[in-house]
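Structural characterization, general
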Amino acid sequence: MLTSAFIDNRRSIRSLTRIGFKELSIRALAPDNDRIFFLMTENAEVNDIDGAKELVDYYAREKLSLKFPSLGSTDTETISTTPMVESL
């Protein structure tokens, strides 16, 4: 299960971690970099990289507009979750 909270919403962050959500290290790119993403799973072997991939895949699958840094990339390349539309 994925969720997010705004960085300055300490009450929500504390509540999410208390019930078992784990903070993911991935952040969306600006202007949406003001939130923290969390993952809760029954599988203890799911790690931060798997969680980040699931998050990016979810946003792409649902055609949501957030952009994320490329997984495993050290440069400014991004993953856009907005579908590409060909120009006419």
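Heads up: the structure comes first, above all this text.
Residues numbered from 1 in each chain as written. Predicted model: local features only at pLDDT ≥ 70, side-chain atom pairs only at ≥ 80, totals over all residues. Heavy atoms only, no water.

**Some details on the overall build of the protein**
Definition in use: Secondary structure elements are defined from DSSP: runs of H or I of at least 4 residues count as helices, runs of E of at least 2 residues count as strands, and each element is numbered from the N terminus. For each residue, the accessible area found with a 1.4 Å probe, counting protein chains only, is set against the maximum for its type, and the residue is called buried under 20%, exposed over 50%, and partly exposed in between. The criterion used for residue contact is that any of the two residues' heavy atoms lie within 4.5 Å. Only the protein chains shown count as cover for residues, and the accessible areas themselves come from Shrake-Rupley with a 1.4 Å probe.
In terms of regular secondary structure, the protein is built from 2 helices and 5 strands. Along its sequence from the N terminus, the protein presents helices and strands in the succession β-α-β-β-α-β-β. Per-residue burial for the protein yields a buried fraction of 25% across its 88 residues. A separation of at least 24 residues holds for 43% of the contacts in the protein among residues at least 6 apart in sequence. For the protein, the computed accessible surface area is about 6500 Å², with 51% contributed by carbon and sulfur atoms.

**Digging into helix H2 (residues 48–61)**
Worth spelling out the cut-off: Every helix has an expected span of 1.5 Å times one less than the residues it contains. By definition, the arc is the one covered by directions from the helix axis to the C-beta atoms.
Over its 14 residues, H2 runs 20 Å from end to end, which matches the ideal 20 Å to within 8%, given 1.5 Å per residue. Those residues of H2 that sit buried are Gly 51, Ala 52, Leu 55, Val 56 and Tyr 59. Down the axis of H2, the sector holding all buried residues measures 135°, keeping them to one side. Lys 63 sits one or two positions beyond H2 and adopts a positive phi of about 60°.

**A closer look at the sheet that holds strand E3 (residues 35–39)**
To keep things clear, this is the line we draw: In this analysis, strands are considered paired if DSSP registers two or more bridges between them. To get an axis, fit a line to the C-alpha atoms, keeping to the stretch in contact for a helix; angles then go from 0 to 180 degrees between the N-to-C directions.
Read across the open sheet, the 3 strands follow the order E1-E3-E2; overall the sheet is antiparallel. Lying at the two open borders of the sheet, with one neighbouring strand each, are strand E1 (2–6) and strand E2 (22–23). The pairing of E2 with E3 spans 2 bridges and is classified as antiparallel. Pairing of Lys 22 across the sheet is with Leu 39, part of E3. Packing against the sheet, helix H1 (residues 10–18) makes contact with E1 and E3, and its axis sits at approximately 150° to E1.

**Observations concerning the nonpolar core**
Selection criterion: Residues enter a nonpolar core if they are buried and are Ala, Val, Leu, Ile, Met, Phe, Trp, Tyr or Cys, with the set joined through side-chain atoms within 4.5 Å.
Ranked by size, the top nonpolar core spans 11 residues in total: Leu 24, Ile 26, Ala 28, Phe 37, Leu 39, Ala 52, Leu 55, Val 56, Tyr 59, Leu 66 and Phe 68. Mapped by element, the contributors of at least two residues to this core are E3 and H2. Top contributing element to this core by residue count: H2, with 4 residues.

**Re the pattern of salt bridges**
Applied cut-off: The salt bridge definition used is simple: a Lys or Arg side-chain nitrogen within 4 Å of an Asp or Glu carboxyl oxygen.
Evaluation of the coordinates by the stated rule reveals 5 salt bridges. A salt bridge links Arg 35 to Asp 32; its shortest N-O distance comes to 3.4 Å. In this structure, Arg 35 and Asp 34 form a salt bridge, with 3.4 Å as the shortest nitrogen-oxygen distance. Here Asp 34 falls in the partly exposed class, since its relative accessible area comes to 32%. When salt bridges with common partners are traced through the structure, they connect Asp 32, Asp 34 and Arg 35 into a single cluster.

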